[in-house]
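Remarks on the overall topology
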Amino acid sequence: MSKSRPAGRPSSENALDSRKEFINSGREHFSNYGFKGASFTSIAASANYTPTALRHHFPEKGDLYAAVFSATSNTVHPRVVQHLYSETLDDAINKVMKEMVEIENEFPTHMAFLSRAPYEFRKHPELRNRIEVRDNFHSFFFPQLIELGRSSEELPYSMDLSDETLTVFFFILLQGWIYESHYSRNVNLTLYSAISKLIKQL
Amino acid sequence: MAARGRPKGSDSAETKRKIINAARHEFANNGYDGAAILSIAENVGIAPSAIYHYFQSKEKLYVEVFESTANAIWDSVTPSTQHETLTEAIEQLLAESRLLGDELPSYSDFLAALPIEARLHPQFSNLLSRRTEFQDRTFSSLAKIGIESGELSFLGEKEATELIRSLIMGWFFERHFRQKEVPLSGEAIVGMFKYLKDSTTQ
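Everything quoted here is computed from the prediction, not taken from an experiment. (Residues numbered from 1 in each chain as written. Chains lettered and ligands numbered in written order. Predicted model: local features only at pLDDT ≥ 70, side-chain atom pairs only at ≥ 80, totals over all residues. Heavy atoms only, no water.)

**Focus: helix α9 (residues 185-200) of chain B**
Taking 1.5 Å of rise per residue, 16 residues should cover 22 Å, and α9 of chain B covers 23 Å from first to last C-alpha, within 8% of that figure. Considered for burial, the residues of α9 of chain B that qualify are S185, G186, A188, I189, V190, G191, M192, F193, Y195 and L196 of chain B. (Helix = DSSP H or I, 4+ residues; strand = E, 2+ residues; numbered from the N terminus. Expected span 1.5 Å × (residues − 1). Buried < 20%, exposed > 50% of the residue type's maximum accessible area, 1.4 Å probe, protein only.)

Below, the structure written as structure tokens:
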């Protein structure tokens, strides 16, 4: 459906709306066609704007990509982080994994965008430098998760694995699950029952 | 100078192999859409029409490159069943995978891009199930080793398979995307299995 727009410079309220529409349209295009394949003209057209209007908000494709990345993480990350307030590591992981399944169902394009991001960073290293959110999130979330396991005594100090080693262990484990569930299009919680039993062995 | 006419038996297999190798590079570097049959032909030193003689279409060529690449990679990373412990088998898998990543980068580039290509080109969706079959073969044989040795005797075969899949694929993708291994990630996997080995065999 094409909307008719009043001529002239948009008012500030409209500017916020159009910014949001560009971000949604950008997310869709970047997820499907990649950073290189997504075209400014098509992103603008899907949002029912002209490329000039898009360029007014985001002078370059990299500016739009960075904005989509922040908007997407701001939706996804808080929903994951809230589960750090669980009583046990086991419970936190259970809730985080269920939350990820819900997010995947509710916002499939968000997850497609985020799962593709590391691939884009490899192809376009200049994008990585603009986006610290991902690394910041990981370096905040996983150490906190390990701290929870330490204080609940599910991760006893008697096993000789350092906090850093355990942090990396749970990072690649959950990251691998996210990649594989998304890539193979088969999300299931079998891994959770494995992790739960593993924690009881420690 | 090459003789005229259709190449004979062994020459034909050799040409096919050369085309697959050149195509792997081309797909890995430029993606499916960006890959040019002309430059594959130039790299092999044959006419573009000869490629169609062997593979009929770009799509068929892509599928053949996938089969050949997945077979080569999964064959060489799958540890021999002679390992008595999962810890040893995983150490071998990681070492083999590092070597392949460094020496044959186009193999892992090609395979890592498949889920992304399949999103854009639904005709390759069935390769995602092929990909899972390759994974399952390796990861379930590792799971059996771990259950039998006692390292993962507290898990069912499905749970053990998912645990190993998420760890290895998380390790692989993070290493691949960052173009360097996440510090401590190999040690974290091996360290955890060593701990389980020691605590279950006590």
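**Some points on the pattern of salt bridges**
Taken as a whole and assessed by the stated rule, the structure comprises 22 salt bridges over all chains. The shortest N-O distance in the salt bridge between D90 of chain A and K200 of chain A comes to 3.4 Å. Of this pair, D90 of chain A sits in helix α5 (residues 89-106) while K200 of chain A is found in helix α10 (residues 190-201), placing the two residues 110 residues apart along the sequence. Taking the relative accessible area as the measure of exposure, D90 of chain A reaches 11% and is therefore buried. Residue R130 of chain B is joined to E67 of chain B by a salt bridge in which the shortest nitrogen-to-oxygen separation is 2.8 Å. Residue R130 of chain B is located in helix α7 (residues 125-149), and its partner E67 of chain B is located in helix α4 (residues 58-77); the two are separated by 63 residues in the primary sequence. (Salt bridge = Lys/Arg side-chain N within 4 Å of Asp/Glu carboxyl O.)

**With respect to the side chain of T72 of chain A**
All names here are of chain A. Summarising the element assignment, T72 is placed in helix α4 (residues 61-81). In this structure the side chain of T72 is engaged in a polar contact, spanning 2.6 Å, whose partner is the backbone oxygen of V68. Ignoring sequence-local partners within four residues, the contact set of T72 consists of R27, H110, F113 and L114. (Polar contact = N/O pair within 3.5 Å; in protein donor to acceptor, adjacent residues only side chain to side chain. Contact = heavy atoms within 4.5 Å.)

**As for the interface of chain A and chain B**
Accessible area lost during the coming together of the parts is what is often quoted as the interface size. At the interface, 38 residues of chain A touch 43 residues of chain B. Summing both partners gives a buried area of about 3900 Å² for chain A against chain B, and 66% of it is carried by carbon and sulfur. Area buried by chain A at its contact with chain B is led by R122, I172 and Y183 of chain A, which between them contribute 19% of it. Where chain A touches chain B, the interface holds three salt bridges. K197 of chain A is the partner of E159 of chain B in a salt bridge, and the nearest nitrogen-oxygen pair spans 2.9 Å. For the pair chain A and chain B, the interface holds ten residue pairs in polar contact (both at pLDDT 80 or more). Mapped onto the side of chain A that touches chain B, the elements with two or more residues apiece are α1 (12-37), α6 (108-123), α8 (133-151), α9 (163-183) and α10 of chain A. For the side of chain A that touches chain B, the element with the most residues is α9 of chain A, which contributes 14 residues. Its residues assigned to classes, the side of chain A that touches chain B comprises 19 nonpolar, nine polar and ten charged. (Buried area = accessible area lost by both parts, 1.4 Å probe. Nonpolar A, V, L, I, M, F, W, Y, C, P; charged D, E, K, R; others polar.)

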